[in-house]
Amino acid sequence: SQTIHQWPATLVQPVGSPLSLECTVEGTSNPNLYWYRQAAGRGLQLLFYSVGIGQISSEVPQNLSASRPQDRQFILSSKKLLLSDSGFYLCAWSVTRDTQYFGPGTRLTVL
Amino acid sequence: SQQGEEDPQALSIQEGENATMNCSYKTSINNLQWYRQNSGRGLVHLILIRSNEREKHSGRLRVTLDTSKKSSSLLITASRAADTASYFCAPMIYNQGGKLIFGQGTELSVKP
């Protein structure tokens, strides 16, 4: 069966520090991969999606970037965090254009 | 836009009652999906209804879709305290790369 992992589960970082969040999927090949951010009490905002290795589409201009170095690995990065980068980051995968399966999320607090 | 907008934003009911949540969107879609999110957790897919379907059932869940009104509803029958969560609808358009654009969600509270 397929599983999706995200780490770390929680992270507290100072403003201006770098960021690297990792997402990996097991049990499937060539998945579509997605990064979402959810601010407190708000809906989800799609940040990036990828349909293959090295193929990244950005949805929102921001302080973040994404990379897909391997088929089932999706990384969210920042060179310098801002206070506004705080939130709950969710990775998701799909193999069709339909259902997406979400990871457990990473709670990021930027101080 | 493709984004779904849920209504109401918050709903509080007693255990055993039915809960109805609504979703509206603005463009033609290929399908519409409902997801649940327990506090501090990832989203869980509940049900998908395609544009050529009008109603779909899954256990205590009933989803309707009215493409002429660009709206959908999610009914949870005989609610339980464990149904307490946020519920999101997500319309999908295939030619947009399978992206789901979520609304703000409905926060459901089921009191025992």
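Residues numbered from 1 in each chain as written. Chains lettered and ligands numbered in written order. Predicted model: local features only at pLDDT ≥ 70, side-chain atom pairs only at ≥ 80, totals over all residues. Heavy atoms only, no water.

Some words on the overall build of chain B
When helices and strands are tallied, chain B shows zero helices and ten strands. Taken over C-alpha atoms, the radius of gyration comes to 13 Å for chain B, in line with the 13 Å a tight globule of 112 residues would show. In terms of principal-axis extent, the alpha carbons of chain B reach across some 45 × 30 × 20 Å. A total of 112 residues make up chain B; the buried ones form 46% of that total. When the accessible surface of chain B is split by element, carbon and sulfur atoms take 43% of a total near 5,200 Å². Side-chain charges of chain B comprise 13 positive and 10 negative groups, with the mean position of each set lying 6 Å from the other. (Helix = DSSP H or I, 4+ residues; strand = E, 2+ residues; numbered from the N terminus. Rg over C-alpha atoms; globule rule 2.2 N^0.38 Å. Buried < 20%, exposed > 50% of the residue type's maximum accessible area, 1.4 Å probe, protein only. Areas by Shrake-Rupley, 256 points an atom, 1.4 Å probe, with all protein chains shown as cover. Lys, Arg positive; Asp, Glu negative; His and termini not counted. Charge placed at Lys NZ, Arg CZ, Asp CG, Glu CD.)

A closer look at the pattern of salt bridges
Working definition: two side chains of opposite charge can pair if their charged atoms are close together. Residues and elements named next belong to chain B. Scanning the entire structure with this criterion turns up six salt bridges over all chains. In this structure, E55 and R62 form a salt bridge, with 3.1 Å as the shortest nitrogen-oxygen distance. Taking the relative accessible area as the measure of exposure, E55 reaches 40% and is therefore partly exposed. Across the pair R60 and D83 runs a salt bridge whose closest N-O atoms are separated by 2.9 Å. Here D83 lies in the loop between β8 (71-76) and β9 (85-92) and R60 lies in the loop between β6 (55-58) and β7 (61-66), a separation of 23 residues in the sequence. Assessed through its relative accessible area of 23%, R60 is described here as partly exposed. (Salt bridge = Lys/Arg side-chain N within 4 Å of Asp/Glu carboxyl O.)

Digging into the interface of chain A and chain B
Taken residue by residue, the interface counts 19 residues in chain A and 22 residues in chain B. Summed over the three residues of chain A that lose the most area to chain B, namely L44(A), R97(A) and D98(A), the buried surface amounts to 33% of that side. In this structure, the connection of chain A to chain B is made through one salt bridge. For the side of chain A that touches chain B, the secondary-structure elements that each account for two or more residues are β4 (32-38), β5 (44-52) and β9 (87-94) of chain A. (Contact = heavy atoms within 4.5 Å. Buried area = accessible area lost by both parts, 1.4 Å probe.)

Observations concerning the side chain of R37(A)
Residues and elements named next belong to chain A. Of note, R37 is situated in strand β4. Side-chain polar atoms of R37 contact the side chain of Y89, separated by 3.2 Å. Discounting chain neighbours no more than four positions away, the residues touching R37 are G43, L44, Q45, L47, Q62, L64, S84, D85, S86, F88 and Y89. (Polar contact = N/O pair within 3.5 Å; in protein donor to acceptor, adjacent residues only side chain to side chain.)

Remarks on the state of the cysteines
Residue and element names in this part refer to chain A. Per the stated rule, a full pass over the model turns up two disulfides over all chains. With its sulfur 2.0 Å from that of its partner, C23 forms a disulfide with C91. In this structure the cystine formed by C23 and C91 twists about its S-S bond by roughly -75°; its chirality is therefore left-handed. Placement of the pair is C23 in strand β3 (residues 19-26) and C91 in strand β9, with a sequence separation of 68 residues. The exposure class assigned to C91 is buried, which follows from its relative accessible area of 0%. (Disulfide = S-S within 2.5 Å.)

Some thoughts on the sheet that holds β3(A)
Residue and element names in this part refer to chain A. Here we have four strands laid out as an open sheet, ordered β1-β3-β8-β7, and antiparallel in their pairing. Here the strands that pair on one side only, and so sit at the sheet edges, are β1 (3-7) and β7 (65-70). Taken pair by pair, the neighbouring strands of this sheet meet at an average axis angle of 20°, ignoring direction. The pairing of β7 with strand β8 (residues 73-78) spans four bridges and is antiparallel. Of the residues in β8, the one forming a bridge with A66 is L76. (Pairing = 2+ DSSP bridges. Axes fitted to C-alpha atoms, helices over the stretch in contact; angles between N-to-C directions.)

Concerning the environment of S65(A)
Residues and elements named next belong to chain A. Along the chain, the position of S65 falls in strand β7. Linking S65 and K80, residues 15 residues apart in sequence, is a C-alpha distance of 11 Å. Not counting residues up to four positions away in its chain, the partners in contact with S65 are F48, I75, L76 and S77.

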